[in-house]
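One-letter residues, chain by chain:
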Amino acid sequence: MGKWIALIVVGTWFMPVMGSGQNLVWSDTLVMVSLLDPVDSGISLIRFRMTQDVEYSLSGTSLVFNNWHHGENRNLVSMLHHLHYRSLFTNHGNIKIINCFSHTLGIQYFFDSITRFQPDENTLDTRIESSIGKNLNFTFFSTLTTRMFNAYIYQTDQNGSLLKTLSASFLTPLIWTFSAGFGWTFTQLGTFSIGLSAGKFTWIRNRKVFDQQKTGIFYGIPKEKNHLFEYGFSLHLLVDKDFLNRVRWNCDLLVFKNAEKPFDLAVKNLIAIRINKYLQTSIQTRLFYEQQVSKSVQVENLLSLGFYVNL
């Protein structure tokens, strides 16, 4: 009986097979192995590949004044950390799926008054590209952003007491912008895409923000509602360029235009310089404009020097 089983197994191995064998995963790569040609045929067996990288930086600053007459004496200690994760899934053909998670959190401690989390930004980006020509793609883009901790507006009353008013918190607001359209890839520089069909979803989780700010509208959402959906079109520019293996320029510009309202603008621009393997200095500029929040352009500049690692 054992001899018959052995003959059946050997015979099955040499039989012609029209299909493929099982899929194997090796070093984050999906490999297709055919039973017709189990040995190296000179043709690449790789069909799908996934690559990923992680960046982390940590920096600290302290400002301590003594008899300072040139401005406000605000002694403080601050710490800023940044985490960036990126994954790329591609079939080396016409499909790319790119996911990016970015987390930036700063902690500022003022000796005489408050502790606050600023900046506090968490963003999840997903980009799906399907090639339809040289450097031309059909593109789907999605970005979600929210804070993690509460943010307050600090004021003093007539007695000098410190008052704080809630201005934002976790999922308050949650902003989700997504679009479908066409994109152009600029070799070794970045991408530019036009969202011919785009939407923007804003959600307010913490209802206390209406009462504390004594307002009936927050981020364009009436008090009796908790969300707002807008339809329009978008423009997205993403630049990611390295110079001389030490300088990195990353610029992310997103414009959303509702058919009935002025455009919304969000820009993040980062220039980072690696001093050595574990030390980096950077300047990051964030710019926002949304008429429903403020009629002025909001700008924030962050200058940091500290520990850096790339995995």
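Our structure is the block above this text.
Since we're looking at a predicted model, the values are computed, not measured.

**Q** Please explain the overall build of the protein chain as it appears in this structure.
**A** Tallying secondary structure elements over the protein chain gives two helices and 18 strands in all. By the burial criterion, 32% of the 311 residues in the protein chain qualify as buried. A separation threshold of at least 6 residues defines the contact pool for the protein chain, and within that pool the share at least 24 residues apart is 49%. Split by element, the accessible area of the protein chain, about 19800 Å² in all, is 63% carbon and sulfur.

**Q** It is not clear to me how the pattern of salt bridges should be interpreted in this structure. Could you clarify?
**A** Opposite charge on two side chains permits pairing when their charged atoms draw close. Under the definition given, this model contains 10 salt bridges. Of the charged contacts, one joins Lys200 and Asp264 as a salt bridge, the two residues approaching to 2.7 Å between their closest N and O atoms. A residue pair is termed long-range when its members are at least 10 positions apart, and Lys200 in strand 11 (residues 190–203) and Asp264 in strand 16 (residues 264–276) qualify at 64 residues. Pair check on accessibility: Lys200 and Asp264 agree, each one buried. Within the structure, one salt-bridge network assembled from shared partners comprises Glu121, Lys268, Arg286 and Glu300.

**Q** For this particular structure, what's the right way to read the nonpolar core?
**A** When a protein is soluble and globular, its nonpolar side chains tend to lie buried together. If you look at the biggest cluster of nonpolar residues, it comprises seven residues: Leu166, Ile204, Val209, Phe210, Phe218, Ile221 and Leu228. Sequence-distant contacts of Phe218, that is, excluding residues within four places in its chain, are made with Ser167, Thr172, Ile204, Val209, Phe210 and Gln213.

**Q** How should I be thinking about the pairing of strand 18 (residues 294–310) in this particular structure?
**A** One face of the sheet, then the other: side chains in a regular strand alternate in exactly this way. Where strand 17 (residues 279–290) meets strand 18, 11 bridges bridge the pair, whose relative direction is antiparallel. Pairing of Leu279 across the sheet is with Phe307, part of strand 18. Hairpin connection from strand 17 to strand 18: three residues lie between these consecutive antiparallel strands.

**Q** I would appreciate a short explanation of the environment of Cys251 in the present structure.
**A** Summarising the element assignment, Cys251 is placed in strand 15 (residues 247–258). Take Cys251: its relative accessible area is 10%, and that puts it in the buried class. Spatially, the C-alpha atom of Cys251 lies 9.1 Å from that of Lys241, the residues being 10 residues apart in sequence. Beyond its immediate chain neighbours, meaning those up to four positions away, Cys251 contacts Leu237, Leu238, Val239, Lys268 and Asn269.

**Q** Where do I start with the packing of aromatic side chains in this structure?
**A** Between two aromatic rings, the relevant description is the distance of the centres plus the angle of the planes. The final tally for this structure, using the stated rule, is 11 aromatic pairs. Aromatic pair Trp176 and Phe178: ring centres 4.6 Å apart, planes at 45 degrees, arrangement tilted. Note on Phe210 and Phe218: the rings are 6.3 Å apart at their centroids and 75 degrees apart in plane angle, and the pair reads as edge-to-face. An identical accessibility class is assigned to Phe210 and Phe218; each is buried.

**Q** How should I be thinking about unusual backbone geometry in this particular structure?
**A** For residues that are not glycine, phi is negative in most cases, and the peptide bond is trans in most cases. Omega for the bond connecting Gln118 with Pro119 falls within 30 degrees of zero, at 0 degrees, which places this linkage in the cis form. Relative to the elements of secondary structure, Pro119 occurs in strand 6 (residues 115–133). Residue Pro173 is bonded to the preceding Thr172 through a cis peptide linkage, with omega at 0 degrees. Along the polypeptide, Pro173 turns up in the loop between strand 9 (162–168) and strand 10 (174–186).

**Q** Where do I start with the environment of Leu124 in this structure?
**A** Relative to the helices and strands, Leu124 is located in strand 6. Along the chain, Leu124 and Leu144 lie 20 residues apart, while their C-alpha atoms are 5.2 Å from each other. Every residue in contact with Leu124, bar those within four places of it in the chain, is listed here: Cys100, Phe101, Ser142, Thr143 and Leu144.

Analysis parameters
- Per chain, the residues get numbers from 1 upward, laid out in the order the sequence is written.
- Two thresholds apply to this predicted model, a pLDDT of at least 70 for residue-level local features and 80 or more for giving and counting side-chain atom pairs, whereas whole-chain, interface and lining totals are computed over all residues.
- The side-chain numbers reported here are obtained from all heavy atoms of the structure, hydrogens and water having been left aside.
- The secondary structure listing takes helices from DSSP runs of H or I that are at least 4 residues long and strands from runs of E that are at least 2 residues long, numbered from the N terminus.
- Note on exposure labels: buried denotes an accessible area under 20% of the residue type's maximum, exposed denotes more than 50%, and partly exposed covers the range between, all computed with a 1.4 Å probe on protein chains only.
- Note on contacts: a residue pair qualifies if any of its non-hydrogen atoms lie within 4.5 Å across the two residues.
- Using the Shrake-Rupley algorithm and a 1.4 Å probe, accessible areas are obtained, with residue cover drawn only from the displayed protein chains.
- A pair is scored as a salt bridge if a Lys or Arg side-chain nitrogen falls within 4 Å of a carboxyl oxygen belonging to Asp or Glu.
- What is meant by a nonpolar core is a set of buried Ala, Val, Leu, Ile, Met, Phe, Trp, Tyr and Cys residues, joined one to another through side-chain atoms within 4.5 Å.
- Strand pairing requires that DSSP identify at least two bridges connecting the strands.
- Two rings belonging to Phe, Tyr or Trp (six-membered ring only in the last case) form a pair when the distance between their centres is within 6.5 Å. Interplanar angles under 30 degrees mark stacking, angles over 60 mark edge-to-face geometry, and anything in between is tilted.

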